[in-house]
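# Examining the three-dimensional arrangement
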Amino acid sequence: MIEKVSEKVIYKKDNAPKIKHWTEEEISPLIGNMIILKETNNLKENPEDYKRRAIETFKEIHNLILDNGGMPYLDVSEIYNKYSTTNPLIVRREDPARLSRLINGEELKIYFDPNVAYQDGEKYANSALWPYGPEEKTNGIANAFLEGRGNAGPIVMLGGYSTEGKNISIVEPEKREEVVGTLNRHSVRILSGEISPEDLEFVIIRTAANFFDKSQMTEKELSRFQKGEQKQIFRGYYFKK
């Protein structure tokens, strides 16, 4: 049972969410749509079908997360505020298919391609700590969204993970440009190992507004979208421990 409070949706405390993992037959269509959305040529060849798939894919991700105990928030700042004074988490922009499987109860393995490294073998940073550093404590989120590359076309997903996972290693890179343009990179880290579903704290989804169901926008988002001011839609999901 859910109730809506201003711009967020939360579960009532006396109604803990029931977990229902999807079967392979249930999750496969979602993964298939993600693969199709990654191919931008599909947008050029059939834009209407591509947009339909994008809207359908977001809704299915939403349903998958709810079935696996995620608590939805229209205002992602409500999730960020939960962690504003806590120990840092690891945040990563993930491939949506891989993150969906983690949400559904599978482990997420992080490994490195030896061909993707500096000349002396030093690995690139692939994650960030958050909250961490300056007072605004948003740099880690910005690092993950801007420097990560995982996406399913217009859909981008970011995972927030506990740093206390038993099978993960977090290392500060030796080579790191502290500032790139206006982006501070002091929070970036190298993550490797296996992330378990229990490590997952929250998920943030960012979707291009043109590929989002208008009926699911808030009044403020719809008004801004109609004025050409709302370019992205953000939704958050918190996993209660």
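The preceding data block contains the structure.
Cut-offs and rules
- Residues numbered from 1 in each chain as written.
- Predicted model: local features only at pLDDT ≥ 70, side-chain atom pairs only at ≥ 80, totals over all residues.
- Heavy atoms only, no water.
- Phe/Tyr/Trp six-rings, centres within 6.5 Å; stacked < 30°, edge-to-face > 60°.
- Helix = DSSP H or I, 4+ residues; strand = E, 2+ residues; numbered from the N terminus.
- Buried < 20%, exposed > 50% of the residue type's maximum accessible area, 1.4 Å probe, protein only.
- Contact = heavy atoms within 4.5 Å.
- Pairing = 2+ DSSP bridges.
- Polar contact = N/O pair within 3.5 Å; in protein donor to acceptor, adjacent residues only side chain to side chain.
- Core = buried A, V, L, I, M, F, W, Y, C linked by side-chain atoms within 4.5 Å.

### Focus on the packing of aromatic side chains
Per the stated rule, a full pass over the model turns up 8 aromatic pairs. Residues Y80 and W130 carry aromatic rings whose centres are separated by 5.5 Å and whose planes lie at 65 degrees to one another, so their mutual orientation is edge-to-face. With Y80 in helix α4 (residues 77-82) and W130 in strand β6 (residues 127-130), this residue pair connects regions lying 50 residues apart in the sequence. Using a relative accessible area of 4% as the deciding quantity, one classes W130 as buried. Summarising the aromatic geometry, the rings of F145 and F234 are spaced 5.9 Å apart at their centres and angled 85 degrees between planes, so their arrangement reads as edge-to-face.

### Structural notes on the environment of D67
Note that D67 resides in helix α3 (residues 47-67). Separated by 47 residues in sequence, D67 and K20 place their C-alpha atoms 5.1 Å apart. If we skip the residues at most four places from it in the chain, D67 touches K18, I19, K20 and W22.

### Let's talk about the pairing of strand β12 (residues 200-208)
Within β12, 9 of the 9 residues are buried, which leaves it mostly tucked inside the rest of the structure. Bridge count between strand β7 (residues 155-161) and β12: 7 bridges; the pairing is antiparallel. Looking at the pairing, L158 lines up with I204 of β12. Two elements, β12 and strand β13 (residues 232-239), share 7 bridges in a ladder whose sense is antiparallel. Considered in β13, the bridge of I205 is made with R235.

### Considering the side chain of E94
Locating E94 in the fold gives a position in strand β4 (residues 89-94). Given the relative accessible area of 1%, E94 is considered buried. In terms of polar contacts, E94 uses its side chain to reach the side chain of Y161, at 2.9 Å. If sequence neighbours within four positions are ignored, E94 has contacts with L99, L108, I110, G150, N151, M157 and Y161.

### Section: the nonpolar core
Ranked by size, the top nonpolar core spans 39 residues in total, and within it I103, V203 and I205 carry the most contacts. Looking at this core, the elements that each hand over two or more residues are α1 (24-38), α3, α5 (96-103), β5 (108-110), β7, β11 (188-195), β12 and β13. Here the element with the most residues in this core is α3; it accounts for 6 residues. With residues up to four places along the chain from it excluded, the contact list for V203 reads I65, L99, I103, M157, L158, R235, G236, Y237 and F239. Listed in part, the 18 residues of the second largest apolar core include M71, Y83, V156 and L158.

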